[in-house]
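Architecture at a glance
The residues making up each chain are set out below.
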Amino acid sequence: MLTVFSRTLLIAALAIAASCSLPAQSTPPNGAASSPMKTTLAVPIYVAGFQVRTSNAKEMSGNGEIGKLWMRFFQQNLAEQMPNRIGQTLMVVYSGYASDEKGEYDYLLGAPVTSADGIPATLTVRQIPAGQYAVITTAQGPAAEVVPSAWKHIWAMSPSELGGQRTFLIDYEIYDQRSAAPTNAQVEIHVGLRR
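Notes on the structure follow. These figures come from a predicted structure and were not determined experimentally.

Re the pattern of salt bridges
- Applying the stated criterion across every chain, the model contains 9 salt bridges.
- The partner of Arg-53 in a salt bridge is Asp-106, with the nearest N and O atoms 3.2 Å apart. Placement of Arg-53 in strand S2 (residues 45-55) and of Asp-106 in strand S4 (residues 104-113) is noted, with a sequence separation of 53 residues between them.
- According to the relative accessible area criterion, Arg-53 is partly exposed, its value standing at 36%.
- For the salt bridge of Arg-178 with Asp-176, the shortest nitrogen-to-oxygen distance reads 2.9 Å.
- On the accessibility criterion, Arg-178 (26% relative accessible area) is partly exposed.

Focus on the packing of aromatic side chains
- Counted by the stated rule, this structure contains 10 aromatic pairs.
- Judged by centre distance (5.6 Å) and plane angle (55 degrees), the ring pair of Tyr-94 and Tyr-105 falls under tilted. Of this pair, Tyr-94 sits in strand S3 (residues 90-95) while Tyr-105 sits in strand S4; the two residues are 11 residues apart in sequence, bridging distant segments of the chain. No difference in accessibility class separates Tyr-94 from Tyr-105, as the two residues are buried.
- By the ring-pair criterion, three or more aromatic residues cluster together here, those being Tyr-94, Tyr-97, Tyr-105, Tyr-107, Trp-151 and Phe-168.
- Seen from the ring of Phe-50, Arg-72 lies directly overhead, with NZ or CZ sitting 3.8 Å from the centre.

A few points about the side chain of His-190
- Residue position: His-190 is located in strand S8 (residues 188-193).
- For His-190, a relative accessible area of 6% gives the class buried.
- Of the polar contacts made by the side chain of His-190, one reaches the side chain of Glu-188; its length is 2.7 Å.
- Sequence-distant contacts of His-190, that is, excluding residues within four places in its chain, are made with Thr-39, Tyr-133, Ala-134, Val-135, Asp-171, Tyr-172 and Ile-174.

Observations regarding the sheet that holds strand S1 (residues 37-41)
- Sheet architecture is open: 8 strands sit in the order S1-S6-S8-S7-S3-S4-S2-S5, paired in antiparallel fashion. Of all the strands in the sheet, the pair left with one neighbour each is S1 and strand S5 (124-128). On average, each strand axis in the sheet is inclined to that of its neighbour by 35 degrees, with strand direction left out of account.
- In the packing of helix H3 (residues 66-75) onto the sheet, the strands contacted are S2, S3, S4 and strand S7 (166-175), and the crossing angle to S4 comes to about 25 degrees.
- Along the sheet, helix H5 (residues 143-156) contacts S3, strand S6 (131-137), S7 and S8; its crossing angle with S7, the most-contacted strand, is approximately 160 degrees.

The rules we used
Numbering of residues starts from 1 in every chain and runs along the sequence as written. In view of the model being predicted, local features appear only for residues whose pLDDT reaches at least 70, and side-chain atom pairs are presented and counted only at 80 or more, with totals across whole chains, interfaces and linings using the full set of residues. Only hydrogens and water are set aside; all other atoms, that is, all heavy atoms of the structure, feed into the side-chain values. Salt bridges are identified by distance alone: a Lys or Arg side-chain nitrogen within 4 Å of an Asp or Glu carboxyl oxygen. Runs of H or I in DSSP of at least four residues are treated as helices and runs of E of at least two as strands, each being numbered from the N terminus. Type-normalised accessible area, obtained with a 1.4 Å probe on protein chains alone, sets the label of each residue: buried when under 20%, exposed when over 50%, and partly exposed for intermediate values. Pairing of aromatic rings covers Phe, Tyr and Trp, the last counted by its six-membered ring, and requires centre-to-centre distances within 6.5 Å; plane angles under 30 degrees mean stacked, over 60 mean edge-to-face, and any other angle means tilted. We call a charge positioned over a ring when the NZ of a Lys or the CZ of an Arg lies within 6 Å of the ring centre and within 35 degrees of the ring normal. Pairs of N or O atoms within 3.5 Å make up the polar contacts considered here, provided that, within protein, one atom can donate a hydrogen while the other can accept it, and that residues adjacent in sequence are counted only when both atoms are side-chain atoms. Residue contacts are defined here by distance: any two heavy atoms, one from each residue, within 4.5 Å place the two residues in contact. For two strands to be treated as a pair, DSSP must find at least two bridges joining them. A fitted line through C-alpha atoms serves as each axis, taken over the contacting stretch for helices, and the angle formed by two N-to-C directions is quoted from 0 to 180°.

Right, dumping it as structure tokens:
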């Protein structure tokens, strides 16, 4: 049985997947910070969940994997069954970059966990390493618009605008209580930076 929070996130995710072909923006999304905040993650975070390999080109073609992954995540009620889960927050982890935003990458949808102990073999566990991250908070609005818009803004940013050179090792998104209403969602995007 899907919780109300899960149901609204599923609706938001499906809307995001359907809208990935929005035109590119070169200006900050309405309401988003024009210069990102820089933060240091002091200890690693472990995230367990379902993972797919995809690319931005594939997602924009209408034949992407991300929408299907969100649907599977909620149909199988993974969040409610995950051992060692911390809180109610969901996370997306981008890793395994072939190159940059133009290449393939791994997309993991899951939740933070205290450890990999007892996690079923059908799930992937990723470690978000300690380090420097630029934090971009999306505008508040329909998730189908604000998340793709924020990423397109990030892709267009220079290293000086972003606060450093991207590592293309690990990036992640946080879906917390601010994301519960798909028509008025706000998501935190953390972009890995070189030290």
